[in-house]
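The primary structure of each chain is shown beneath.
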Amino acid sequence: MTLAIGTSAISIAASSDANLRGHAAAGAVVTAKQIATGAVRRTKADADGSYALVGLPPGTYQVDAGAGTERTVTLTVASTATLDLTATAAVAANATNLNAVTVTASAVTLQEVKTSEVGTDVSLRQIDTTPQASRNFLQFADIVPGVVFTRDGQTGNTSLRSGAQASSAINVYIDGVGQKNYVLPGGVTGQNGSVGNPFPQLAIGEYKVITSNYKAEYDQVSSAALVAQTKSGTNEFHGDVFGDFTDTAMRAETPAEEAAGKKTSSHEKNYGFDLGGPIIQDKAHFFIAYEGKEFVTPTTVVPGVTGVTDLLPASVQSQIGPAAQPFRENDWFGKIDYEPTDKDRFEISGKYRDETQVTGVGGITTASAALNVINYDKRFDMRWDHSAYSWFNRLQVTFEDASYEPTPAVLGAGNSYTLTGAQLNTTILQTGNSPLAQQNKGQKGPSLQDDLTFNDFEWHGDHVIKMGVKYKAVDLTALDAGDSNALFNYAVTTAGGTEAIPYSVQFGSPTPGQSPVARSSDKQFGTYIQDDWAVNDKLTLNLGIRWDYEETPSYLNYVTPANVVAAFNSQDPNAPAGQTYAQTLAKGGVNINDYISTGNNRSAPKNNFAPRFGFSYDLNGDENHVIFGGIGRSYDRNLYESLQVEQTKSVLSQPTLYFNTPDVPCTVGVNSCYTFDPSFLDISALQALVAGSNTGKEVDMVNNNIKTPYSDQFSIGMRNKIGEWNTSATVAVVRSYDGLVYTLGNRYPDGSFWQNGSQPWGNGIPGFGSLIIGNNGLETRTTQLLLSAEKPYTKESHWGATIAYTYSHSRQNNDNSDPTDQYAFDYETIGHYPFIGSGVAKQRLVMTGNLDGPWGFVFGGKLTLSTPIPDVNIAFYGLPATNQDMGAVSGGGGQPVAIAPPGNGRFLIGGKIFGYRDIDLQATKNFKIYGNLNGFVRIDLLNAFNWNNYVNYLETWGSNGVLNKTPVIYNPTGNISGYPRTLRVSLGMNF
């Protein structure tokens, strides 16, 4: 027998709230009292006995509808559970000992099964007992099918991704507040290019991961949504303090260190505390948490081309091999709650995060090209909840201030070494930075949101109708480059080694009197309505629609400079007399009027309507077998760093000049080609060379009718309760559209894009450099089979376990392995790109388990297996240059591919089919120190079997038009994902 029977559960939580529905005696007053805080919420049952309590903080409650109906239940984050409070149900429940009626007895956790969303909860027990490599609470999301948390093997940076979409398509909601990054990739503020944590893990109570078909109240997301609830103070004082540590001696060597014969010094420290308790018993409470991190992350400098390093200067060769990247973070969170009545609740909370790190080292980038990064994120939130019997309202005011500021560690001239010939664009090593390395990107501003829920509406069943509106004014900032660095490119040949002079240079060229910083005071408006309709005890329908609108003034009001417009209408120097460059572009299918902005010919999209429909059907009305599904659309947004380039490029350009060298010749005086002079190694000399002119200045232009990226989602599945196990099987289909992408706009005089196997990089705008145009067009197509099983932990059984399996078939119309990279230069247009596989493992299995052992021990384990991730790239293996994009082959003879390397290992049985294998273990010993003061010692063993999970590829595509049988293998001395075998020791106390 299950605890909750007789009514449908409806998922009405937009944020982290829990909700409770069910039946009681007609007209009965239903009361829920949170045990930890004493907070009370009431509603009244309808004439048919149905009731709904909405907007409850997740936690353990005593619930009753009068004498003899008492229950003690636990409600989870962002869920709606069902609880029958009729007298008959009370007798049955107590007879089977499924519910306790006193606060001293254990509560039953009510599971949400009647939801059309595709998602899974991550409990505090799982957070506390699952082995972990860092204190980033997002890492536990990969126990959810379809979600992958990764630690970059080169930089140590972490990211979260769902399906084939980029991490920027994700949103994380903490206490109902979206943490969206409007400027940079990464999904949430602070996660782009960072090894740090978005939020102190001590402050996270639990969270839910929804991979598709979320409700209409979720905004600015087209991939996975993470909904987290923070901890609050209670009627009892509680505190924790901890520290953990690992260093060079406590880890195995990386493959690169083995090859080099030495270890790079490294260490990782995490430490922190939390404290919470009452201010006024049953009325007001406080909570504060702090976590600090100190890392020195080892990485490896690996040449981009093998077998040619002896051709480089000795000073460059010496930088190959292991390197280190230091990092430091401070992460704070605080909250005060106050409930003056059982109808009102006030919360004030804030977070502060600051980081400093050295990054960018590894792969082809040496330590001399490192970046010093300052990264901070501040948020402040105030909210007022007011409840009545039949409605609930939340008014929320927030303020955010986030900034990401990388600066080259070494200012001045730097070098890049490139293998010439058929692989002219293949970089061997880079020992300095281009002007693009210096950035300053951030967002700052307030928002106001109000959500109103009616929970007492009847018409052909019970309805819970939720509606909301949000207004946000956020100032966006983007500095895209600096003027203190120049990057010289040197040609390397197998015959002559490294040339004595560079063949090109890129540097920053400022426009006097104009700021290189782009700023935009964005206005965002969103509204939605959601009807969660319990048609009967078996069928629930979720009907919703939302509309979003955003104005980005720096894009909408931008005016294309008059000298650029004049250049388009001037004679194309490479074309017959009388043919303008605009006419050249038109011959090539580019209507330049689609990109020239007058300041009043652009408008923000007004048709971003997102309908969403879901259902669940409880076959027997007992929540043991539930069929569910949904279909809907969800809009994300265009990142500001992509929209602002036409503004920043015109003020602080990064021209490229060419020098006539024996191995890379050019005609002096044509297309920015010069005779090299040693004085050019001084950046000021380069800037003086182009001062007062537009020589080599790239012109970036965005389509005047840019659209908002979105995804369409479809899913069908079934949840089953089998004994103590909760299982789910789902087929989920996600199609994303209208991703913004930049392509080369240049054309040859006859309008062609290819001639002699080459693109028209030298045929740019007269008097300027190349034309780069931005359009919608990036797409992904993902179909997944998602299987999960969970045995929830209970004190009676002493153990819990999860199993998550994902089978993915994903495609994309780009040949870039980095889904956040929005440049595509290998074909004439994005429409010419064929669909190829994405950088997503075809099969992935994650299993976790936790166990209460004897003598105060708690054990945990995690197994992760996945097939190899394909190498997504463009392959050149001797196909003829047809000078026309034809099917899968570009006009230059390149073919986009997504080829998975052979697996590098097996697990227990079978062949070497896996690309990623990892077993993590942890053991915690809890002990009493004195009274309520307890201590613990914990040991985490990461990658227990020291499996090398390589991430770098070695490519030998083939020749004479024949692709090699095995064109891609893992680089056995390159970087690895995750960690080598590492021992981490933790100590702590709590009371």
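All figures in this text were calculated on a predicted structure; none of them were measured in a lab.

Basis of the calculations
Residues numbered from 1 in each chain as written. Predicted model: local features only at pLDDT ≥ 70, side-chain atom pairs only at ≥ 80, totals over all residues. Heavy atoms only, no water. Helix = DSSP H or I, 4+ residues; strand = E, 2+ residues; numbered from the N terminus. Rg over C-alpha atoms; globule rule 2.2 N^0.38 Å. Buried < 20%, exposed > 50% of the residue type's maximum accessible area, 1.4 Å probe, protein only. Contact = heavy atoms within 4.5 Å. Core = buried A, V, L, I, M, F, W, Y, C linked by side-chain atoms within 4.5 Å. Pairing = 2+ DSSP bridges. Axes fitted to C-alpha atoms, helices over the stretch in contact; angles between N-to-C directions. Disulfide = S-S within 2.5 Å. Phe/Tyr/Trp six-rings, centres within 6.5 Å; stacked < 30°, edge-to-face > 60°. Arc of directions from axis to C-beta. Salt bridge = Lys/Arg side-chain N within 4 Å of Asp/Glu carboxyl O.

Helices and strands together make up the secondary structure of the protein chain, namely ten helices and 56 strands. Taking 30 Å as the expected radius of gyration for a compact globule of 991 residues, we find that the protein chain reaches 30 Å, a close match to that expectation. Seen through its C-alpha atoms, the protein chain measures out along the principal axes to roughly 95 × 65 × 50 Å. For the protein chain, the proportion of its 991 residues judged to be buried stands at 59%.

Bringing the side chain of Thr-420 into the picture now. You can see Thr-420 is positioned in the loop between strand S23 (412–419) and strand S24 (426–430). Setting aside anything within four residues of it in sequence, one finds Thr-420 in contact with Ala-491, Val-492, Thr-493 and Val-664.

With that out of the way, let us pick up the nonpolar core. Core analysis: the largest hydrophobic core is formed by 30 residues, its most contacted members being Val-122, Phe-137, Leu-160, Val-172, Tyr-207, Val-209 and Leu-226. When contributions to this core are tallied by element, the ones reaching two or more residues are strand S10 (147–151), strand S12 (171–174), strand S14 (204–212), strand S15 (225–230) and strand S18 (284–301). The greatest single-element share of this core, amounting to three residues, is contributed by S14. Residues within four places of Val-209 in sequence aside, it is in contact with Val-118, Gly-119, Thr-120, Val-122, Ala-141, Val-144, Val-147, Ala-225 and Leu-226. Counting residues in hydrophobic clusters, the runner-up holds 27 residues, among them Val-183, Ala-478, Leu-556 and Ile-772.

In this section: the sheet that holds strand S4 (residues 50–56). The three strands are arranged S4-S1-S7 in an open sheet whose pairing can be described as mixed. Only two strands of the sheet have a single partner each, and these edge strands are S4 and strand S7 (79–82). This sheet shows a mean twist of 15° between the axes of neighbouring strands, independent of strand direction.

To continue, consider the state of the cysteines. All chains considered together, the criterion is met by one disulfide. Paired through a disulfide, Cys-666 and Cys-673 show a sulfur-sulfur distance of 1.9 Å. The disulfide joining Cys-666 to Cys-673 has a torsion of about 65° about its S-S bond and is therefore right-handed. Taking relative accessible area as the criterion, Cys-666 reaches 24% and is therefore assigned partly exposed.

Here the focus is the pairing of strand S46 (residues 871–875). For S46, a buried count of four out of five residues is recorded, marking the element as mostly surrounded by other parts of the structure. As defined by bridge partners, S46 adjoins strand S47 (residues 895–899) across five bridges and the pair is classed as antiparallel. Across the sheet, residue Asn-873 finds its bridge partner in S47, namely Val-897.

This part takes up the packing of aromatic side chains. Taken as a whole and judged by the stated rule, the model has 33 aromatic pairs. Judged by centre distance (6.0 Å) and plane angle (15°), the ring pair of Trp-547 and Tyr-549 falls under stacked. Taking 5.9 Å as the distance between ring centres and 20° as the angle between the ring planes, the aromatic pair formed by Tyr-953 and Tyr-970 counts as stacked. Here Tyr-970 lies in strand S55 (residues 968–970) and Tyr-953 lies in strand S52 (residues 953–955), a separation of 17 residues in the sequence. The partly exposed category is assigned to Tyr-953, whose relative accessible area is 24%. Taken together, Phe-525, Trp-547, Tyr-549 and Phe-609 form an aromatic cluster joined through their ring pairs.

Spatially, S9-S14-S15-S12-S13 is the arrangement adopted by the five strands of the open sheet, whose pairing is mixed. Taken across any chain shown, the strands that pair with only one partner, and hence form the sheet edges, are strand S9 (118–122) and strand S13 (177–178).

So, on to the pairing of S18. Burial within S18 is extensive, with 16 of its 18 residues counted as buried. In the sheet, strand S17 (residues 267–280) pairs with S18 via 13 bridges, with the strands oriented antiparallel. In the sheet register, Pro-278 faces S18, and the bridge partner there is His-285. Where S17 folds back onto S18 in an antiparallel hairpin, the turn is made up of three residues, including Asp-282, whose phi is positive at roughly 70°. As defined by bridge partners, S18 adjoins strand S19 (residues 321–338) across 18 bridges and the pair is classed as antiparallel. Looking across to S19, one finds that Ala-284 is bridged to Tyr-338.

Bringing unusual backbone geometry into the picture now. Even without being a glycine, Asn-756 presents a positive backbone phi close to 55°. Looking at the element boundaries, Asn-756 is found in the loop between strand S40 (725–744) and strand S41 (771–791). Not every positive phi belongs to a glycine, and Asn-883 is a case in point at roughly 60°. Within the secondary structure, Asn-883 sits in the loop between S46 and S47. Exposure remark for Asn-883: the relative accessible area of 31% places this residue in the partly exposed category.

Three or more residues of helix H10 (residues 683–690) are buried, namely Ile-683, Leu-686, Gln-687 and Val-690. Looking down the long axis of H10, one finds its buried residues gathered within 100° of arc, a one-sided arrangement. Its buried side turned inward, H10 meets S23, strand S27 (485–493), strand S29 (504–507), strand S30 (509–510) and strand S36 (656–659). Gly-692 sits one or two positions beyond H10 and adopts a positive phi of about 80°.

Enumeration over the complete set of coordinates arrives at 39 salt bridges. Asp-532 is the partner of Lys-215 in a salt bridge, and the nearest nitrogen-oxygen pair spans 3.4 Å. Note that Lys-215 is positioned in the loop between S14 and S15 and Asp-532 in strand S31 (residues 517–534), a separation of 317 residues in sequence. The exposure class assigned to Lys-215 is buried, which follows from its relative accessible area of 2%. Between Arg-383 and Asp-385 there is a salt bridge, with the nearest N and O atoms lying 4.0 Å from each other. Asp-385 shares its class with Arg-383; the two are buried. Ionic contacts of the salt-bridge type, sharing partners, join the residues Asp-17, Glu-339, Arg-345, Glu-347, Arg-383, Asp-385 and Arg-394 into one network.

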